[in-house]
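# Inside the fold
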Amino acid sequence: MTDLTADVPVSRATVKAPEPGTPGIAALRRVPPPPPPGPLSNALVFGWRAILKFRHVPEQLFDLIMTPIMFTLLFTFVFGGALAGSTGDYLQYFLPGILVQTVVFNSVYSGMGLSTDFQKGLFDRFRTLPIWSLAPFAGLMVGDVLRHLIAGGIILGIGLALGYRPEAGLLGTLAAFAMLVTIGFGMGWVFIVLGLLVRTPMTVMTLGFTILFPVTFASNIMVDPATMPSWLRSFVEVNPVSLMTTALRGLMSGTASLSQIGLALIAPVVLTMALAPVVLWLYRRR
């Protein structure tokens, strides 16, 4: 067999020597690689992924928008007159509480989204990437923060249209929303753990609301606990949801004390410190 390349002439004119002042191949090989992305960069990327879900799964926005609207309107106009004498007085009491309830309920979507991603095999791919281990969960939290802000803004807008007036003004309202984000961040870890333990998103939602309904409704969100039986009132007064609601009412009315704010932040801080390592352990184990 003849060598087809034997008669092919090699043209030296096509091989150009490097121009003076330009780095050679050896110099290019000494260029260090770019530094790997840090935890914050990883978290922001996964946070952007969570935000894109709203565009690709718009039905999530329906749940997010309609539920707080229905709760706010129904409780204000159906129960307001009976519980407070007028809908206006009841709205001043009720609106900060419905903000807390909405944020707590929205936290369930963290676990549902996580369970859905596991079902699709996405987290198997995430494990192979050279990223911060908690970055996918941090992305879920970013999506939660966006949900909380959207829902909170809708409720506040409806309340203002109906006559609610935050006596602390803009600064008090901003402080209240900062606390809402903190509450949602802490509560989200509970449902991320559920999402790692439970196989289907619907089961996560069922278990989540089974836990949340008694804790949320046995609180001071809707009524003053002074009218409750003593055995129930003793639970309501130490219920973390009640403590959060009391602090939020104080921030929006300008009467919050440091002790109220500190008591409201105990549950989110403790949940974050206790469950974040558990989430990482369950993620690696699964």
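For the structure, see preceding data.
As a starting point, this report considers the structure included with it. (Residues numbered from 1 in each chain as written. Predicted model: local features only at pLDDT ≥ 70, side-chain atom pairs only at ≥ 80, totals over all residues. Heavy atoms only, no water.)

## Re the side chain of Asp117
- Relative to the elements of secondary structure, Asp117 occurs in helix H5 (residues 108-120).
- Classification of Asp117 by relative accessible area gives buried; the value is 4%.
- Within the structure, Asp117 has its side chain in polar contact with the side chain of Arg49 (distance 3.0 Å).
- Other than its neighbours up to four places away in sequence, Asp117 contacts Arg49, Lys53, Leu122 and Phe123. (Helix = DSSP H or I, 4+ residues; strand = E, 2+ residues; numbered from the N terminus. Buried < 20%, exposed > 50% of the residue type's maximum accessible area, 1.4 Å probe, protein only. Polar contact = N/O pair within 3.5 Å; in protein donor to acceptor, adjacent residues only side chain to side chain. Contact = heavy atoms within 4.5 Å.)

## Topic: helix H7 (residues 135-162)
- Compared with the 40 Å implied by 1.5 Å per residue over 28 residues, the 41 Å span of H7 between its first and last C-alpha is a close match.
- Gly163 occupies a position one or two residues after H7 and carries a positive phi of about 120°. (Expected span 1.5 Å × (residues − 1).)

## What to know about the pattern of salt bridges
- A complete count under the given rule lists two salt bridges for this structure.
- Across the pair Arg49 and Asp117 runs a salt bridge, and its minimum N-O distance is 3.0 Å. With Arg49 in helix H2 (residues 39-56) and Asp117 in helix H5, the pair connects residues that are 68 residues apart, well separated along the chain.
- Salt-bridge contacts for Arg147 lead to Asp144; the nearest nitrogen and oxygen are separated by 2.2 Å. One end of the pair is Arg147 and the other is Asp144, both in helix H7 and three residues apart, which spans about a single turn. As far as burial versus exposure is concerned, Arg147 and Asp144 are alike and both buried. (Salt bridge = Lys/Arg side-chain N within 4 Å of Asp/Glu carboxyl O.)

## Quick word on the packing of H5 against helix H9 (residues 201-217)
- For the pair H5 and H9, the least separation of the axes is 8 Å and the interaxial angle reads 160°. Accordingly, the angle class assigned to the pair H5 and H9 is roughly antiparallel. Our pair here, H5 against H9, has a crossing hand that is right-handed. In contact with Val108, Gly111, Met112, Ser115, Thr116 and Gln119 of H5, H9 contributes Pro201, Val204, Met205, Phe209 and Leu212. (Axes fitted to C-alpha atoms, helices over the stretch in contact; angles between N-to-C directions. Parallel < 35°, antiparallel > 145°, perpendicular 65-115°, else oblique. Left-handed = near helix turned anticlockwise from the far one by under 90°.)

## Quick word on H5
- Taking 1.5 Å per residue, 13 residues should reach 18 Å; H5 reaches 19 Å between its end C-alpha atoms and fits that length.
- Extensive coverage of H5 is indicated by the burial of 10 of its 13 residues.

## A short note on the packing of aromatic side chains
- Applying the stated criterion across every chain yields a total of 11 aromatic pairs.
- For the pair Phe213 and Phe217, a centre-to-centre distance of 5.4 Å together with 20° between the ring planes defines the contact as stacked. With Phe213 and Phe217 both in helix H9 and four residues apart, the pair spans about one turn of that helix.
- What makes Phe213 partly exposed here is its relative accessible area of 39%.
- In this structure an aromatic cluster arises from ring pairing among Phe71, Phe75, Phe79, Tyr90, Phe94, Phe105, Phe209, Phe213 and Phe217.
- Just above the ring of Tyr93 sits the side chain of Arg249; from NZ or CZ to the centre is 3.6 Å. (Phe/Tyr/Trp six-rings, centres within 6.5 Å; stacked < 30°, edge-to-face > 60°. Lys NZ or Arg CZ within 6 Å of the ring centre and 35° of its normal.)

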